[in-house]
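Structural overview
Each chain, written out:
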Amino acid sequence: MGCFQSTSRKQFPGHEDPVILASQTAFSVSEVEAIFELFKSISSSVIDDGLMNKEEFQLALFKNRKKENLFANRFLYHLGIKARHGTPR
């Protein structure tokens, strides 16, 4: 027996009820569900951890995760994420 569960279930905060989320945005319930499915596929393309890192972001936008991209770096900078490590500033 360890300190953590080896078969942990991924939690996606804010996705508990797509109806509530849709009511707080301009998106319909089906659009919220489609966006979430797209996020899940993108966020597991490199590392299956339920988070989207810089490589996965670049791969989704530009079909290239290795090459540095000024747009991706500036976008992540404005979100408050360090470009090289994918961690909050």
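For the structure itself, look to the data block above.
A brief structural summary. (Residues numbered from 1 in each chain as written. Predicted model: local features only at pLDDT ≥ 70, side-chain atom pairs only at ≥ 80, totals over all residues. Heavy atoms only, no water.)

Quick notes on a nonpolar patch on the surface
Together, Leu 61, Phe 62, Phe 71, Phe 75 and Leu 79 make up a nonpolar patch on the protein surface, roughly 480 Å² of accessible area in all. Of all the secondary-structure elements, those providing two or more residues to the nonpolar patch are α3 (54-62) and α4 (70-79). With respect to the helices and strands, Leu 79 occurs in helix α4. (Patch = residues over 30% accessible without salt bridge, like charges linked within 9 Å, V, L, I, M, F, W, Y side chains within 5 Å. Areas by Shrake-Rupley, 256 points an atom, 1.4 Å probe, with all protein chains shown as cover. Salt bridge = Lys/Arg side-chain N within 4 Å of Asp/Glu carboxyl O. Helix = DSSP H or I, 4+ residues; strand = E, 2+ residues; numbered from the N terminus.)

Regarding the packing of α3 against α4
At a minimum axis separation of 11 Å, α3 and α4 run at an interaxial angle of 130°. Relative to α4, the element α3 is oriented oblique. Relative to α4, the crossing made by α3 is right-handed. Counted together, Lys 54, Phe 57, Gln 58, Leu 61 and Phe 62 of α3 and Phe 71, Ala 72, Asn 73, Phe 75 and Leu 76 of α4 form the full contact between these two elements. Among the residues making up the contact of α3 with α4, the classes are represented as 7 nonpolar, 2 polar and 1 charged. (Axes fitted to C-alpha atoms, helices over the stretch in contact; angles between N-to-C directions. Parallel < 35°, antiparallel > 145°, perpendicular 65-115°, else oblique. Left-handed = near helix turned anticlockwise from the far one by under 90°. Contact = heavy atoms within 4.5 Å. Nonpolar A, V, L, I, M, F, W, Y, C, P; charged D, E, K, R; others polar.)

Details of the pattern of salt bridges
Under the counting rule described, the total for this entry stands at 1 salt bridge. Between Glu 37 and Lys 40 there is a salt bridge; the shortest N-O distance is 3.1 Å. Of this pair, Glu 37 and Lys 40 both sit in helix α2 (residues 29-43), 3 residues apart, roughly one helical turn.

Details of the packing of aromatic side chains
Inspection of the entire model under this criterion finds 3 aromatic pairs. Taking 6.5 Å as the distance between ring centres and 25° as the angle between the ring planes, the aromatic pair formed by Phe 36 and Phe 39 counts as stacked. Here Phe 36 and its partner Phe 39 are both found in helix α2, 3 residues apart, which amounts to about one turn of the helix. Residue classification places Phe 39 among the partly exposed residues on the basis of a relative accessible area of 26%. Plain terms: the ring middles of Phe 57 and Phe 75 are 5.2 Å apart, the flat faces sit at 5° to each other, and that makes the pair stacked. (Phe/Tyr/Trp six-rings, centres within 6.5 Å; stacked < 30°, edge-to-face > 60°. Buried < 20%, exposed > 50% of the residue type's maximum accessible area, 1.4 Å probe, protein only.)

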